[in-house]
Amino acid sequence: MKIVCCVKYVPDATADRKFAADHTVDRVGVDGVLSELDEYAVEEALQIREGADDCEIIVVTVGPEPARAAILKSLQMGADAGVHVVDEAIHGSDAVGTSLVLAKAVERQQADLVLCGMASTDGSMSVVPAMLAERLGLAQLTFGTEVAVDGTTVRVRRDDDAASEIIEATLPVLISVTDQANEPRYPSFKGIMAAKKKPVQTLTLADLGIDSSEVGTEAAWTKVEEMRARPPRSAGTIVAADDGAGAERLVEFLASQKFI
Ligand SMILES: Cc1cc2nc3c(=O)[nH]c(=O)nc-3n(C[C@H](O)[C@H](O)[C@H](O)COP(=O)(O)OP(=O)(O)OC[C@H]3O[C@@H](n4cnc5c(N)ncnc54)[C@H](O)[C@@H]3O)c2cc1C
């Protein structure tokens, strides 16, 4: 069985995240990490491998040079090899462009199962998995909280507030998993050392047969016209000492904000 995990490199949530002059996220000057929600996809692949006879896990990322860190972390967790698509022309791609590059890179792997996170922790659009499935002509079982592979049949449980669904399909399929699906493992010292020797293939748009006019800021369907920094958070109203009128003042405040 061959599993491909799509993992994104995102600005570290604890870093001072900023935008570049062209209104795209500064992914080079800011520390970045493997998107936390993609750790659940990698963990799911590792657990499926533990239950399979013969299973290979490839992680694929589309991103600038530093994005290699997302692959390295996945290899340290236990994935077998990586594919890094890096090309200046990809810069500023929207979800449509990103899904095109990903599809061409994933297609080459002839995978039985494509795994994605439920969303990235920066763009957070939750659309790339569906776009990828469409481009690859695969059934998509998204937002899975439980995944079971039995031969060529895969069953995914999807929970929402009102109900749970069990969706079944035949491999090859694309699945995205939520942060309820598992508990991602921390790389062991052995895993960290082994990752250094694991192969990472670097590909360009030309390698994938994609014309640079199909991706990047110019090809994006959405354009960021203007950006303004979010106003600093105000201190808010602090009720220091409750002289017995605290509850009344709270109700007045909630009413003034039309919360009640
Ligand atoms: C703040 C912000 C706002 C944005 N607004 C828009 C917008 O309005 N419209 C638009 O089209 N684009 C927008 N983008 C760009 C968009 O985020 C990127 O194109 C991105 O690569 C795909 O969208 P996403 O990160 O939201 O992924 P999602 O749609 O949330 O997909 C998540 C999953 O797809 C896979 N995946 C996503 N990107 C990659 C990657 N580069 N490499 C490998 N796997 C990946 C991962 O498995 C991930 O878990 C925005 C980006 C940012 C940071």
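Residues numbered from 1 in each chain as written. Predicted model: local features only at pLDDT ≥ 70, side-chain atom pairs only at ≥ 80, totals over all residues. Heavy atoms only, no water.

Trainee: Help me understand the nonpolar core, please; the structure alone is not making it clear to me.
Mentor: Within soluble globular proteins, side chains that are nonpolar generally end up buried alongside one another. Within the largest apolar cluster, 35 residues are counted, with the highest numbers of intra-cluster contacts made by Ile3, Leu115 and Ile175. Secondary-structure elements contributing two or more residues to this core are strand E1 (2-6), helix H1 (36-50), strand E4 (56-62), helix H2 (68-77), strand E6 (113-117), strand E9 (153-159) and strand E11 (173-177). With residues near it in sequence (within four places) discarded, Ile175 still touches Leu113, Val114, Leu115, Cys116, Leu141, Val147, Val154 and Val156. The next biggest cluster of nonpolar side chains, apart from the first, holds 28 residues, and it includes Cys116, Leu203, Leu205 and Ile210. (Core = buried A, V, L, I, M, F, W, Y, C linked by side-chain atoms within 4.5 Å. Buried < 20%, exposed > 50% of the residue type's maximum accessible area, 1.4 Å probe, protein only. Helix = DSSP H or I, 4+ residues; strand = E, 2+ residues; numbered from the N terminus. Contact = heavy atoms within 4.5 Å.)

Trainee: Explain a nonpolar patch on the surface here, please?
Mentor: Residues Leu250, Val251, Phe253, Phe259 and Ile260 make up a contiguous nonpolar surface patch of roughly 520 Å² in combined accessible area. Inspection of the secondary structure puts Val251 in helix H7 (residues 246-256). Of the residues examined, Val251 reaches a relative accessible area of 46% and is grouped as partly exposed. (Patch = residues over 30% accessible without salt bridge, like charges linked within 9 Å, V, L, I, M, F, W, Y side chains within 5 Å. Areas by Shrake-Rupley, 256 points an atom, 1.4 Å probe, with all protein chains shown as cover. Salt bridge = Lys/Arg side-chain N within 4 Å of Asp/Glu carboxyl O.)

Trainee: Even after reading the chapter, I still don't get the site of the ligand, so can you show me in this structure?
Mentor: As a matter of local geometry, the ligand sits amid 27 residues, with Cys6, Lys8, Asp38, Ser120 and Val127 nearest to it. The contact in question runs from an oxygen atom of the ligand to an N or O atom on the backbone of Ser126, over 2.7 Å. Between the ligand and Val128, the relevant distance is 2.9 Å, taken from an oxygen atom to a main-chain nitrogen or oxygen of the residue. Against a free-state accessible area of 910 Å², the protein chains account for coverage of 83% of the ligand. Where the shell around the ligand is concerned, the elements lending two or more residues are E4, helix H3 (95-107), E6 and helix H4 (128-136). (Near = heavy atom within 4 Å. Polar contact = N/O pair within 3.5 Å; in protein donor to acceptor, adjacent residues only side chain to side chain.)

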